[in-house]
Amino acid sequence: MTDQERQELLNELLDRQNSGGLKPKDRFDIPPQDMPEQDANARRRNVSEVALGYTETQARIEAMRCLQCKTAPCVQGCPVRIRIPDFVGAIAKGQYDQALDIIKENSLLPAVCGRVCPQEVQCQEKCTVGLKFKDVSKAVSIGRLERFVADRADSVAQPDKGAPRGEGVPPSRVTVPAVAPSTGKKVAIVGSGPGSIVAAADTRRAGHKVTVFEAFHKPGGVMVYGIPEFRLPKAIVQDEIETLKKMGVQIVTNVVVGRTRTIEQLMTEDGFDAVYIGVGAGLPSFMGIEGESLVGVYSANEYLTRANLMKAYRFGSGADTPIALSKRVAVVGGGNVAMDAARTAVRLGAEKVYLIYRRTESEMPARVEEVHHAKQEGVEFHLLQSPKRIIGNDDAHATAIECLRYELGEPDDSGRRRPMAIPGSEFRIDVDTVIIAIGNQANPLIRQTTPGLEFNKWGNIVVDENLHTSMPGVYAGGDIVLGAATVILAMGQGRIAAAAINADLAAKKP
Ligand SMILES: Cc1cc2nc3c(=O)[nH]c(=O)nc-3n(C[C@H](O)[C@H](O)[C@H](O)COP(=O)(O)OP(=O)(O)OC[C@H]3O[C@@H](n4cnc5c(N)ncnc54)[C@H](O)[C@@H]3O)c2cc1C
Ligand code: SF4
């Protein structure tokens, strides 16, 4: 559909809307709007954002596909219960500021969530339109609409060769939330991921003095060091951090809580009245196979951190931590992290990137969109295969992986069919780099340095429904509680913990 055809369609829909309204059948007939994307070949050699966002015309047409269901099943699928029909309805009417206000009632980071939330297994999975077509890809594109209104308001600058953005995007007009008069109470937030950003904003709004302690030199958590620029431009996260600073939140980087200061010291020596622990799940899992300590074998966390946070993709010019130039890369795993690592390897110039996964594509936990993009960019999928060992040369550099072929058996505890190795099916793939992306767990540092804090057997902090931990005045949320989860779930927990902190501090004697 050309831009002109789209404009004509929108005009016709508006005319019909004004004269008698659109019936459900009319709305089913509206074609779903695809998101414009950077060309697959061009994007193999840059880190600019792949998905370019809806134009205003596309957003309004897409919003008109919504039936405004009375029961709003989409809201049930949203972890933070955004009033989806209301914000989508506002977009259909061209009331974008109102749409953003509705989203912000429940979600503080719409530009982030509109990009990285797995909508196809949340709100969009429940959408009546997708169910009618028996195809979730035909559901109302709630995430893209959320992104549209957020981008329109934030007008994010793209740092690495700005990709074209939606039409009619005005300059930045980010509003700084109002802050209540000082309560004289101090809140420490440990870590600066999405849960922490929300917890910091909500406790600061209540008038507390809030300090965020971050181990890295840059705040933002996984949104900055893990998720690549081509999926989530860092300027967006930076905007949110700047908003926190304008609210008066103090952000202190290069502080590893548990080493620089313990949780107990924050409470007893530094005078904090409450501490929120949002340190995520940053400890990578390995396979425990021969050859994992060879040169050229990375965890996906290390690889992505070098590329994203340390800007290794700039090679000689300005990379804090360089990365070896790889020709043949094997990425092991089938989740979003594996896709991010494989697509980053493509952009860093690898000639061949193999994605090795021991189940089939239908069991892959990665988002369908990410799988699609990875294939478009030339990542080769090796399914029903898994490494048995990594082979090295005399200099201890990885040179090949020996894999086994797999078949699927009965479903296991995860509900997915269990992969079973086929004996004698060994074969080799020549590689110079292996990236292990099979999952992350809780880092044990807080556990080792905080006696009195209760953890479960996986190393996650135990909390009650208001996210109080076993230590008075200490709260926790995000991946350190949930295990490796999602941005929106971490944000939701940041909000719950902040509400508990605000209530507890209000009840506390001065
Ligand atoms: C590569 C990758 C891709 C992902 N893609 C998606 C996606 O597309 N969609 C999605 O919804 N989710 C995705 N996730 C998951 C999502 O990013 C996380 O669930 C979410 O960021 C967790 O938020 P959090 O608030 O727990 O903190 P995190 O984002 O985990 O941040 C924790 C912060 O705490 C800091 N920290 C750790 N220990 C200490 C300490 N001792 N002292 C001080 N600071 C400390 C860390 O440096 C980090 O900055 C992805 C994860 C990864 C790794
Ligand atoms: S379920 Fe789909 S069609 Fe119904 S209100 Fe939600 S977004 Fe609109």
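Caption draft 1: Up close: the sheet that holds strand 9 (residues 380-383). The strand order across the open sheet built from five strands is 6-14-7-8-9, with neighbouring strands paired in parallel fashion. What marks the edges here is a single partner per strand, and that holds for strand 6 (297-299) and strand 9. Here the strands of the sheet are splayed against their neighbours by 20° on average, with no regard to which way each runs. Judged from the four bridges that link them, strand 8 (residues 352-357) and strand 9 form a sheet pairing that is parallel. Note on strand 9: the bridge partner recorded for Tyr354 is Glu380. Across the face of the sheet, helix 17 (residues 336-347) comes into contact with strand 7 (328-332), strand 8, strand 9 and strand 14 (433-436) while running at roughly 170° to strand 8.

Caption draft 2: Seen up close, the packing of aromatic side chains. Per the counting criterion, the structure on display carries five aromatic pairs. Measuring from ring centre to ring centre gives 5.9 Å for Phe213 and Phe272, while their planes differ by 85°; the resulting arrangement is edge-to-face. Taken as a pair, Phe213 in strand 2 (residues 209-213) and Phe272 in the loop between helix 15 (263-268) and strand 4 (274-277) lie far apart in primary sequence, 59 residues in all. Look at Tyr298 and Tyr303: their rings are 5.3 Å apart centre to centre, the planes differ by 75°, and that puts the pair in the edge-to-face class. As far as burial versus exposure is concerned, Tyr298 and Tyr303 are alike and both buried. Between the NZ or CZ atom of Lys132 and the centre of the ring of Phe28, over which it lies, the distance is 5.1 Å.

Caption draft 3: Structural detail: the sheet that holds strand 16 (residues 474-476). The strand order across the open sheet built from five strands is 3-2-1-4-16, with neighbouring strands paired in parallel fashion. Looking at which strands have only one partner, the edges of the open sheet turn out to be strand 3 (250-252) and strand 16. Neighbour-to-neighbour, the strand axes of the sheet open up by a mean angle of 20°, direction not taken into account. As paired elements, strand 4 and strand 16 share three bridges and run parallel to each other. Looking across to strand 16, one finds that Tyr276 is bridged to Tyr475. The strands that helix 12 (residues 194-205) touches are strand 1 (186-190), strand 2 and strand 4; relative to strand 1, the one it contacts most, it runs at about 170°. Lying over the sheet, helix 21 (residues 487-507) contacts strand 1, strand 4 and strand 16, oriented at roughly 170° with respect to strand 4.

Caption draft 4: Highlighting the pairing of strand 2. A large share of strand 2 lies buried, amounting to four of its five residues. In the sheet, strand 1 pairs with strand 2 via five bridges, with the strands oriented parallel. Across the sheet, residue Lys186 finds its bridge partner in strand 2, namely Lys209. For the crossover from strand 1 across helix 12 to strand 2, the handedness is right-handed. Bridge count for strand 2 against strand 3 is three bridges, and the pairing is parallel.

Caption draft 5: A look at helix 16 (residues 300-308). Judged by how many residues are buried, helix 16 sits mostly within the fold: seven of nine residues are covered. Turning to helix 16, its buried residues are Ala300, Asn301, Tyr303, Leu304, Thr305, Ala307 and Asn308. Check the buried side of helix 16 and you find it contacts helix 13 (222-225), strand 5 (283-284), strand 6, helix 17, strand 14 and strand 15 (440-441).

Caption draft 6: Quick look at the confidence of the model for the protein. Overall, the predicted model of the protein reaches an average pLDDT of 90, with 93% of residues at or above 70. Predicted confidence for residues 156-173 stays below pLDDT 50, and this span has 44 contacts to residues more than four positions away or in other chains.

Caption draft 7: Examining the site of ligand 2 more closely. Lining the immediate environment of ligand 2, one finds Cys66, Leu67, Cys69, Pro73, Cys74, Pro85, Cys127, Thr128, Val129 and Ile142. Elements supplying a minimum of two residues to the shell around ligand 2: helix 5 (73-77) and helix 10 (128-132). Its residues assigned to classes, the shell around ligand 2 comprises nine nonpolar, one polar and no charged.

Caption draft 8: Fine view of the packing of helix 17 against helix 18 (residues 368-376). Where helix 17 contacts helix 18, the two axes come as close as 10 Å, and the packing angle between them is 25°. In terms of axis orientation, helix 17 runs roughly parallel to helix 18. Considering only the axes of helix 17 and helix 18, their crossing is left-handed. Across the interface between the two elements, Asn336, Met339 and Arg343 of helix 17 pack against Glu370, Val371, His373 and Ala374 of helix 18. When grouped by side-chain class, the residues that make up the contact of helix 17 with helix 18 number three nonpolar, two polar and two charged.

Caption draft 9: A look at the side chain of Arg231. You can see Arg231 is positioned in the loop between helix 13 and helix 14 (234-246). Exposure remark for Arg231: the relative accessible area of 9% places this residue in the buried category. A distance of 2.8 Å separates a polar atom in the side chain of Arg231 from a polar atom in the side chain of Asp340. Among residues more than four places away in sequence, those in contact with Arg231 are Glu49, Arg115, Val116, Asn336, Asp340, Arg343 and Glu370.

Caption draft 10: Layout of unusual backbone geometry. A positive phi is found at Arg81, a non-glycine position, where the angle reads about 55°. Turning to its location among the elements, Arg81 is positioned in the loop between helix 5 and helix 6 (84-92).

Caption draft 11: Structural detail: the nonpolar core. Ile84, Phe87, Ile91 and Leu145 are the most contacted members of the largest nonpolar core, which totals 79 residues. For this core, the domains that each give at least three residues are domain 1 (3-154) and domain 2 (186-282 + 442-507). Setting aside residues no more than four positions away along its own chain, Leu145 makes contact with Tyr54, Ala59, Glu62, Ala63, Phe87, Val88, Ile91 and Val140. Ala342, Ala350, Val353 and Met364 belong to the second-largest nonpolar core, a separate cluster that totals 25 residues.

Reading the values: the criteria
- Residues numbered from 1 in each chain as written.
- Chains lettered and ligands numbered in written order.
- Predicted model: local features only at pLDDT ≥ 70, side-chain atom pairs only at ≥ 80, totals over all residues.
- Heavy atoms only, no water.
- Pairing = 2+ DSSP bridges.
- Helix = DSSP H or I, 4+ residues; strand = E, 2+ residues; numbered from the N terminus.
- Axes fitted to C-alpha atoms, helices over the stretch in contact; angles between N-to-C directions.
- Contact = heavy atoms within 4.5 Å.
- Phe/Tyr/Trp six-rings, centres within 6.5 Å; stacked < 30°, edge-to-face > 60°.
- Buried < 20%, exposed > 50% of the residue type's maximum accessible area, 1.4 Å probe, protein only.
- Lys NZ or Arg CZ within 6 Å of the ring centre and 35° of its normal.
- Right-handed = clockwise from strand over helix to strand, strands pointing away.
- pLDDT = per-residue confidence, 0-100.
- Near = heavy atom within 4 Å.
- Nonpolar A, V, L, I, M, F, W, Y, C, P; charged D, E, K, R; others polar.
- Parallel < 35°, antiparallel > 145°, perpendicular 65-115°, else oblique.
- Left-handed = near helix turned anticlockwise from the far one by under 90°.
- Polar contact = N/O pair within 3.5 Å; in protein donor to acceptor, adjacent residues only side chain to side chain.
- Core = buried A, V, L, I, M, F, W, Y, C linked by side-chain atoms within 4.5 Å.
- Domains from an automatic or database assignment.

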